[in-house]
Amino acid sequence: MSEPAGELSISQHAFAYQPPPIDGDFFGKHIISVDQFQRRDLDILFQAATSIRKRIRTQDRGLTELCAGKVMASLFFEASTRTDMSFQAAMRRLGGDVIAVSNGVRFSSMYKGENLSDTIRATGCYADVIVLRHPEIGSSYEAGYYLDLLNQRIDNPTVAISGGDGIGEHPTQALLDMFTIFDQKKSLDGLTIALVGDLKHGRTVHSLAKLLAYYDADDVRLCLVAPQSLAMPADICKLVAEHGIHVQQTDDLREIIAQTDVIYWTRIQEERFADESAYSRIKDRFIMTPSLLAQAPADAILMHPLPRKHEMGTRADHDVLDADRRSIYFEQMENGMFVRMALLVKVLRGVYV
Ligand code: ASP
């Protein structure tokens, strides 16, 4: 991980910390970055998520034994609906318990000036797994580094899972996005995938682009659709191309929409702009509307990590888009819980049958 400029509350250790590769075995491993994953790991995880989905559909009560007695801490220093709630729901459906700071992290000791590494280690003393969302790039690496130190001193080791670190990565979102693409398309081979919108600040697209590369499918085309000022970071474009994916960068979706199998829409991340006028200049550049979606192939899929704002048009447009069977963002959202259940079982218990 490269070091961002500016004042940091995380330590230098975070930048040297290398999260362990999964290498077919999830047990006890922090989930910090998609860099830890290879094709085989994704296949294992997606098989478990598919099995868990089936067991939920059939109301299999045995699910609640899988994480019985385990405790998950939810530590969210940035807004969240889906990531936070789907992790909580996942843990409860597996029979585990969930803890959080009463009245929210604004009442945690970090607001007395405690640093993140101490808060993480305090939480690690009580929980088996910590899901962390924090506004700084590298925060989840900081958690991994300090939990490893803590784990040498206490009997009950704790695993960190990133729920998103600033504009860095959102690994579990990318896992659920990939699962959704497989679920819908069955294979990545030959797909044209368009990532659209704020590719600079969007951590979900950073992680997804890398994960697509690591899967090493055949003949994948990745179209990065963004204005130049919000382009995908160059290091990610380079990595993707090195894995044999054909990368095309454009700021005009109409050029490619008719040939696109997967359209991944994102919001312009207003809260990440230092300058309000820069946001205002760019915010209306990419708006998905029913007439634009009409130009996509009949078997295309439209994804969005959500939340959505005006980048999907008006409320009336939302209703029309939602009714289109190509729009699968609610299925994508539900898949998030299945994939996170699979991940929790894997890191806390190792095996899953
Ligand atoms: N929910 C996603 C995230 O946390 C996408 C977004 O906020 O736009 O990154």
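Since this is a predicted model, take the numbers as computed values, not measurements. (Residues numbered from 1 in each chain as written. Predicted model: local features only at pLDDT ≥ 70, side-chain atom pairs only at ≥ 80, totals over all residues. Heavy atoms only, no water.)

S.K.: Now, about the overall build of the chain: what can you tell me, with residues and values included?
M.R.: Summing up its helical and strand segments, the chain has twelve helices and nine strands in all. In summary, the chain has a C-alpha radius of gyration of 20 Å against a globular reference of 20 Å for 353 residues, a match within 12%. Viewed in the frame of its principal axes, the chain has a C-alpha envelope of about 55 × 50 × 40 Å. Long-range contacts, defined as pairs at least 24 residues apart, comprise 80% of the intrachain contacts of the chain with a sequence gap of at least 6. About 15400 Å² of surface is accessible on the chain, with carbon and sulfur atoms providing 48% of the total. Between the mean site of the 38 positive side-chain charges and the mean site of the 47 negative ones, the chain shows a separation of 5 Å. (Helix = DSSP H or I, 4+ residues; strand = E, 2+ residues; numbered from the N terminus. Rg over C-alpha atoms; globule rule 2.2 N^0.38 Å. Contact = heavy atoms within 4.5 Å. Areas by Shrake-Rupley, 256 points an atom, 1.4 Å probe, with all protein chains shown as cover. Lys, Arg positive; Asp, Glu negative; His and termini not counted. Charge placed at Lys NZ, Arg CZ, Asp CG, Glu CD.)

S.K.: So what's going on with the pairing of strand E8 (residues 262-265)? Residues and values would help.
M.R.: Of the two faces of E8, the one carrying Val262 and Tyr264 and the one carrying Ile263 and Trp265 are both buried. In terms of strand pairing, strand E5 (residues 192-196) meets E8 through four bridges, oriented parallel. Paired with isoleucine 193 across the strands is valine 262, a residue of E8. Note: E8 against strand E9 (residues 301-303), three bridges, orientation parallel. Residue pairing in the sheet places valine 262 in a bridge with isoleucine 301 of E9. (Buried < 20%, exposed > 50% of the residue type's maximum accessible area, 1.4 Å probe, protein only. Pairing = 2+ DSSP bridges.)

S.K.: Outline the environment of isoleucine 301, listing residues and values.
M.R.: Mapped onto the fold, isoleucine 301 is located in strand E9. Among residues more than four places away in sequence, those in contact with isoleucine 301 are Gln184, Lys185, Asp261, Val262, Ile263, Arg326 and Ile328.

S.K.: Talk me through the site of the ligand; I want residue IDs and the actual numbers.
M.R.: Taken together, Arg133, His170, Arg203, Thr204, Arg267, Gln269, Pro305, Leu306 and Pro307 make up the full set of residues near the ligand. In the environment of the ligand, an oxygen atom lies 2.7 Å from a nitrogen or oxygen atom belonging to the side chain of arginine 267. Within the side chain of glutamine 269, an N or O atom sits 3.0 Å from an oxygen atom of the ligand. (Near = heavy atom within 4 Å. Polar contact = N/O pair within 3.5 Å; in protein donor to acceptor, adjacent residues only side chain to side chain.)

S.K.: Describe the pattern of salt bridges, and please don't skip the residues or the numbers.
M.R.: Where charged atoms of side chains with opposite charge meet at close range, the side chains can pair. Throughout the structure, instances matching the rule amount to 17 salt bridges. Across the pair aspartate 252 and arginine 254 runs a salt bridge whose closest N-O atoms are separated by 3.2 Å. Taking relative accessible area as the criterion, aspartate 252 reaches 23% and is therefore assigned partly exposed. A relative accessible area of 58% means that arginine 254 is categorised as exposed. Across the pair aspartate 284 and lysine 283 runs a salt bridge whose closest N-O atoms are separated by 3.4 Å. Of the residues examined, aspartate 284 reaches a relative accessible area of 45% and is grouped as partly exposed. Residue classification places lysine 283 among the partly exposed residues on the basis of a relative accessible area of 25%. By sharing partners, the salt bridges in this structure join Asp35, Glu169 and Lys210 into a single network. (Salt bridge = Lys/Arg side-chain N within 4 Å of Asp/Glu carboxyl O.)

S.K.: An account of unusual backbone geometry is needed here, citing residue identities and associated values.
M.R.: The step from leucine 306 to proline 307 runs through a cis peptide bond, and the omega angle for that step is 10°. Residue placement: proline 307 occurs in the loop between E9 and helix H11 (315-323). Positive phi, normally seen in glycine, also occurs at glutamine 59, with a value near 55°. Positive phi outside glycine occurs at leucine 306, with the angle close to 60°. The residue leucine 306 is located in the loop between E9 and H11 in this model. Taking relative accessible area as the criterion, leucine 306 reaches 15% and is therefore assigned buried.

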